Amino acid sequence: MDQEEIKQEIRRMARERNALLLAHNYQRDEVQEIADITGDSLALSMEAARTDREVIVFCGVHFMAESASILAPDKIVLLPRLDAGCPMADMVTPEGLRRMKAEHPGATVVTYVNSSADVKAESDICCTSSNAVNVVRSVKTEEVILVPDRNLGKYIAAHTDKTCHLWEGYCPTHDRLLVSDVRRAQKEHPDALFMAHPECPPEILEMADHICSTSGMYDYARKSPAKKFIVGTEAGILYRLRRENPDKEFFLPTSRLICPNMKLTSLEDILKSLQTMSPEITVPADIREKAKVTLDRMLAVPRDAG
Ligand code: 13P
Ligand code: SF4
């Protein structure tokens, strides 16, 4: 089958299985093109909970499919590539977090959604890159433990008056963006604005005109009168940025901004997943219930809290 035939067969199988295809903003272009909905990790999990389709094909990484299963336990959640993980999410374990909690017994544990269900279940509340500052401001304690991203943690610490204890995790993709990469791009495109994801190191965030989540970048690019943007996040975001803003230009500061895990899922994998109804992602009930509390608490935080 050629690529067009595979796309048609995916659409046919999705109808037959009553399946919704979700793709994260970092997926390959052809995967984003075939998806019913593209978005950031939390928005996609909420779509999974909202849909009346029986099957969710989650084109993303493992923790995202887990979040979908936590929020939509009655649905079949498929992750076409079981080996698509998130190295940052894997940098913290429930045992490690329990040790850190024992060191700071009065602190609230605020956990980035890029984490396993087990780690969420050990936490008090979740956050995403778009609501992290609001979530931390909303908690009652003066001390917080921020897990697992040290870069997002430093960003939050700089924007709240809480005492922040940071886990030393990081995203290998965002963490390899260098000041020299951004300087070179700014020299090549002096009239471009620089937008950066808070998973980038602090010295990169200091250079940014705007710091936001992946979904925040779509809003910023659309609303800004600027015509050129340097984009400090994973390359997959360019697909929709360029499609939605044909009169604007977008540049990556380096070709190294590729998350290998996000690029694993191919059209062939999606078709196979629909044909075999596997790999299915499930979360044990006890973990699911505890993890859901942390997501529900986050969703209850008003957008302008604090
Ligand atoms: P979002 O929460 O913006 O989807 O980001 C997820 C991610 O993996 C960022 O590296
Ligand atoms: Fe994880 Fe980074 Fe890949 Fe996002 S870009 S999935 S945080 S490794």
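The rules behind the values
- Residues numbered from 1 in each chain as written.
- Chains lettered and ligands numbered in written order.
- Predicted model: local features only at pLDDT ≥ 70, side-chain atom pairs only at ≥ 80, totals over all residues.
- Heavy atoms only, no water.
- Helix = DSSP H or I, 4+ residues; strand = E, 2+ residues; numbered from the N terminus.
- Rg over C-alpha atoms; globule rule 2.2 N^0.38 Å.
- Buried < 20%, exposed > 50% of the residue type's maximum accessible area, 1.4 Å probe, protein only.
- Contact = heavy atoms within 4.5 Å.
- Areas by Shrake-Rupley, 256 points an atom, 1.4 Å probe, with all protein chains shown as cover.
- Lys, Arg positive; Asp, Glu negative; His and termini not counted.
- Charge placed at Lys NZ, Arg CZ, Asp CG, Glu CD.
- Near = heavy atom within 4 Å.
- Nonpolar A, V, L, I, M, F, W, Y, C, P; charged D, E, K, R; others polar.
- Pairing = 2+ DSSP bridges.
- Right-handed = clockwise from strand over helix to strand, strands pointing away.
- Axes fitted to C-alpha atoms, helices over the stretch in contact; angles between N-to-C directions.
- Core = buried A, V, L, I, M, F, W, Y, C linked by side-chain atoms within 4.5 Å.
- Polar contact = N/O pair within 3.5 Å; in protein donor to acceptor, adjacent residues only side chain to side chain.
- Salt bridge = Lys/Arg side-chain N within 4 Å of Asp/Glu carboxyl O.

**Observations regarding the overall build of the protein chain**
Then step 1. When its secondary structure is counted, the protein chain shows 15 helices and 12 strands.
Then step 2. Radius of gyration (C-alpha) of the protein chain: 19 Å, near the 19 Å computed for a compact globule of 306 residues.
Then step 3. For the protein chain, buried positions account for 58% of its 306 residues.
Then step 4. At a minimum sequence separation of 6, the contacts of the protein chain that also span at least 24 residues come to 63%.
Then step 5. Put simply, the protein chain shows about 13200 Å² of open surface, and 49% of that area lies on carbon and sulfur atoms.
Then step 6. Looking at charge distribution, the protein chain has the averaged site of its 39 positive side-chain charges lying 2 Å from that of its 47 negative ones.

**With respect to the site of ligand 2**
Then step 1. With respect to spatial proximity, the complete set of residues near ligand 2 consists of Y26, C86, P87, M88, N114, C171, E199, C259 and M262.
Then step 2. Within the shell around ligand 2, the residues separate by chemical class into seven nonpolar, one polar and one charged.

**Some words on the pairing of strand β8 (residues 163–166)**
Then step 1. Bridge count for strand β7 (residues 143–147) against β8 is four bridges, and the pairing is parallel. In the strand pairing of β8, V144 is matched with C164.
Then step 2. Remark: the β7/helix α8 (residues 150–159)/β8 crossover connection has right-handed handedness.

**Focus: the sheet that holds β7**
Then step 1. With respect to topology, four strands assemble into an open sheet ordered β6-β5-β7-β8, the strand pairing being parallel. Strands with a single pairing partner mark the edges of an open sheet, and in this sheet they are β6 (125–127) and β8. When strand polarity is set aside, the average angle formed by the axes of neighbouring strands in this sheet is 30°.
Then step 2. Where strand β5 (residues 108–112) lies against β6, three bridges are found, and the strand directions are parallel. Within β6, the residue paired with Y112 across the bridge is C127.
Then step 3. In the packing of α8 onto the sheet, the strands contacted are β5, β6, β7 and β8, and the crossing angle to β8 comes to about 175°.

**Let's talk about helix α4 (residues 62–71)**
Then step 1. The buried count for α4 comes to nine of 10 residues, which makes it a mostly enclosed element.
Then step 2. For α4, the complete set of buried residues consists of F63, M64, A65, E66, S67, A68, S69, I70 and L71.
Then step 3. Buried residues along α4 sit in contact with β1 (19–24), α3 (41–50), β3 (55–59), β4 (76–78), α6 (117–121) and α15 (285–299).

**Re the nonpolar core**
Proteins that are soluble and globular tend to have nonpolar side chains buried together.
Then step 1. In terms of nonpolar packing, the biggest core is built from 62 residues, with F58, V110, L295 and M298 touching the most fellow members.
Then step 2. The greatest single-element share of this core, amounting to six residues, is contributed by α4.
Then step 3. When sequence neighbours within four positions are dropped, the list of residues in contact with M298 reads L42, V113, I125, C126, C127, T128, N131 and V135.
Then step 4. Judged by nonpolar contacts, the second largest core, of 18 residues, contains I6, V57, L78 and L271.

**A short note on the site of ligand 1**
Then step 1. Within the structure, ligand 1 sits among H24, Y26, D40, S41, N114, S129, H174, H197, E199 and T214.
Then step 2. The side chain of E199 places a nitrogen or oxygen atom 2.8 Å from an oxygen atom of ligand 1.
Then step 3. Contact between ligand 1 and T214: an oxygen atom at 2.9 Å from a side-chain N or O atom of the residue.
Then step 4. When isolated, ligand 1 has an accessible area of 300 Å², and the protein chains bury 95% of it.
Then step 5. Its residues placed into classes, the shell around ligand 1 shows one nonpolar, seven polar and two charged.

**Quick word on the pairing of β5**
Then step 1. Across the five residues that make up β5, a large majority, five, are buried.
Then step 2. Across the two faces of β5 the burial is the same, with T108, V110 and Y112 and V109 and T111 all buried.
Then step 3. With four bridges joining them, β5 and β7 adopt parallel strand pairing. Looking across to β7, one finds that V110 is bridged to L146.

**A word on the pattern of salt bridges**
Then step 1. Applying the stated rule across the entire model yields 22 salt bridges.
Then step 2. Ionic pairing is found between R81 and D83, a salt bridge with its closest N-O pair at 2.9 Å.
Then step 3. Overall, the relative accessible area of 46% leaves D83 in the partly exposed class.
Then step 4. It is possible to trace a salt-bridge network through shared partners that takes in E95, R98, K101 and E122.

Structural measurements only, silent on function.
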